[in-house]
Amino acid sequence: MLSHRGSMTSSSSGYRPLRALGELSETRYWMYLLLLPSLVMILLVIAYPTLYGMAISFREMRLTRPGLGGWVGFKHYAGMWSDPVFWIALKNTVVWVTAAVVLELALGLLAATALNRDLPGTKIFAVLILLPYFLPNVVAGHMWALLLDPRLGVINDLLVRMGVLQTYKAWFADPNTALAATILVEAWHGFPFFALLLLAGLKSIPEDLYKAAAVDGAGVSAQLRLITLPMLKTVIAAAVILRVIGLVNSPDLLLILTGGGPGDATQVLSLYAFQTAYKEFNFGYASALSVVMFVILMIFAAAYIRLSRISKGEGDD
């Protein structure tokens, strides 16, 4: 009897945590408990590195001089005002990002419109359009470096044979053409991103709107201006913000093609921060550059979203 009663007591005590867990799942706190693992991962992977990087920007941290550590306040931020490379990199970043996003958006909209039509060979065309986006940046960079090589480049050879150029041209070594050449390479590599998102948005637009517009006499340009672009406004806003963030934070294509040169003709903020950290080992100044990039991106995202909402409200009225 005693052993049976003891086993009953231990069995009921074993079910007690399960019963408590079941009762907890019926409360509003259950969803917070389910979100806890994701929250911990976000804090470890995103929040902690971000805050630590901001803290480093106020310190003197050089791997070549480990005894030079210490709090320096806003010294790095004040030093940017007298740093000519910073201002060149800031100007190049604006040109690089703006030109690349405009080209990628235009090409992506053109490709998405073509893919949205059920024409023969659309699937093959879709594969050819999406192929650049599937290539890693390293592969794409080295491929275009070979295509535009001043001695062996196929594109140079074609342009010379067509009479466009007199001699082979070093596109990435000329300060007048280096930034433009890298922008074209980036546009080729990144426009499928817009094509995918815009194609998904086009699929959600009712075909009846275009039929009604055609009956009213609206041409292709009028349908694009009055139907397509307003209906894709949310998708375009999200795609532009994501692409701007990606371009500002990813200097790998420029690192492969030009390394920021010739001189500082293709130097951008992300590449400058990378080189400051891993070539000069000045992590304090590199962190300050990264913080400035972070603030610029936040201001841009907030302003762009606000302007999109205002224009949407005006369009609805």
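The structure this text deals with has already been given above.
Residues numbered from 1 in each chain as written. Predicted model: local features only at pLDDT ≥ 70, side-chain atom pairs only at ≥ 80, totals over all residues. Heavy atoms only, no water.

Caption draft 1: Geometry of a nonpolar patch on the surface. On the surface, a cluster of nonpolar side chains totalling about 910 Å² of accessible area is made up of Leu33, Leu36, Leu39, Val40, Met41, Ile42, Leu43, Leu44, Val45 and Ile46. Here leucine 33 is to be found in helix H2 (residues 29-56). (Patch = residues over 30% accessible without salt bridge, like charges linked within 9 Å, V, L, I, M, F, W, Y side chains within 5 Å. Areas by Shrake-Rupley, 256 points an atom, 1.4 Å probe, with all protein chains shown as cover. Salt bridge = Lys/Arg side-chain N within 4 Å of Asp/Glu carboxyl O. Helix = DSSP H or I, 4+ residues; strand = E, 2+ residues; numbered from the N terminus.)

Caption draft 2: Region of interest: the side chain of asparagine 156. If you trace the backbone, asparagine 156 turns up in helix H7 (residues 154-162). Residue classification places asparagine 156 among the buried positions, given a relative accessible area of 0%. Here the side chain of asparagine 156 touches aspartate 149 through a polar contact of 3.0 Å, landing on its backbone oxygen. For asparagine 156, the side chain forms a polar contact with the main-chain oxygen of lysine 169, separated by 3.0 Å. The contacts of asparagine 156, once residues within four sequence positions are left out, are Leu147, Leu148, Asp149, Pro150, Leu165, Tyr168, Lys169 and Trp171. (Buried < 20%, exposed > 50% of the residue type's maximum accessible area, 1.4 Å probe, protein only. Polar contact = N/O pair within 3.5 Å; in protein donor to acceptor, adjacent residues only side chain to side chain. Contact = heavy atoms within 4.5 Å.)

Caption draft 3: Region of interest: the packing of helix H4 (residues 84-115) against helix H8 (residues 178-203). Where H4 contacts H8, the two axes come as close as 6 Å, and the packing angle between them is 45°. Comparing their axes, H8 and H4 come out oblique. Crossing hand, H4 versus H8: right-handed. Along the lines of polarity and charge, the residues of the contact of H4 with H8 split into 22 nonpolar, five polar and two charged. (Axes fitted to C-alpha atoms, helices over the stretch in contact; angles between N-to-C directions. Parallel < 35°, antiparallel > 145°, perpendicular 65-115°, else oblique. Left-handed = near helix turned anticlockwise from the far one by under 90°. Nonpolar A, V, L, I, M, F, W, Y, C, P; charged D, E, K, R; others polar.)

Caption draft 4: Representation of the layout of surface pockets within the structure. By volume, the largest pocket is sized at about 620 Å³. Lining the largest pocket we find 24 residues, and of these Asn249, Ser287, Ser290, Val291 and Met293 sit closest to its centre. When contributions to the lining of the largest pocket are tallied by element, the ones reaching two or more residues are H2, helix H11 (233-249), helix H13 (269-278) and helix H14 (283-316). Considering every element that reaches the lining of the largest pocket, the biggest residue donor is H14, with nine residues. For the lining of the largest pocket, the residue count by class is 18 nonpolar, six polar and no charged. The computed volume of the second largest pocket comes to approximately 460 Å³. Along the wall of the second largest pocket there are 14 residues; nearest its centre are Thr113, Arg117, Tyr210, Gln223 and Thr228. Elements with a minimum of two residues in the lining of the second largest pocket: H4, helix H9 (207-215) and helix H10 (220-231). (1 Å grid on protein atoms, 1.4 Å probe; cavity = no way out; pocket = protein on both sides within 12 Å on 5 of 7 lines; lining within 4 Å. Points joined across faces, edges and corners; volume = space filled by probe spheres on them.)

Caption draft 5: A look at the nonpolar core. Formed by 49 residues in total, the largest nonpolar core has its most connected members in Met80, Phe86 and Trp96. Listed by contribution, the elements that provide at least two residues to this core are helix H3 (75-81), H4, helix H5 (122-134), H8, H9, H11, H13 and H14. A per-element tally of this core places H4 first, with eleven residues. Leaving out residues up to four positions away in the same chain, tryptophan 96 has contacts with Leu179, Thr182, Ile183, Glu186, Leu247, Leu254 and Val268. Judged by nonpolar contacts, the second largest core, of nine residues, contains Trp144, Leu165, Trp171 and Phe172. (Core = buried A, V, L, I, M, F, W, Y, C linked by side-chain atoms within 4.5 Å.)

Caption draft 6: Fine view of the packing of aromatic side chains. The tally for this structure, following the rule as stated, stands at 14 aromatic pairs. Taking 5.5 Å as the distance between ring centres and 45° as the angle between the ring planes, the aromatic pair formed by phenylalanine 58 and tyrosine 77 counts as tilted. Taken together, the residues span a long stretch of sequence, with phenylalanine 58 in the loop between H2 and H3 and tyrosine 77 in helix H3 at a distance of 19 residues. The burial state of phenylalanine 58 is the same as that of tyrosine 77; both residues are buried. (Phe/Tyr/Trp six-rings, centres within 6.5 Å; stacked < 30°, edge-to-face > 60°.)

Caption draft 7: Main features of the pattern of salt bridges. Counted under the stated rule, the structure contains seven salt bridges. Between glutamate 104 and arginine 243 there is a salt bridge, with the nearest N and O atoms lying 2.7 Å from each other. Linking glutamate 104 in helix H4 with arginine 243 in helix H11, this pair joins segments that are 139 residues apart in sequence. Judged by relative accessible area, glutamate 104 falls into the buried class, the value being 0%. With a closest N to O distance of 2.4 Å, arginine 243 and glutamate 186 form a salt bridge. Taken together, the residues arginine 243 in helix H11 and glutamate 186 in helix H8 connect sequence positions 57 residues apart. Of the residues examined, arginine 243 reaches a relative accessible area of 13% and is grouped as buried.

Scope: geometric values only; no functional claims are made or implied.
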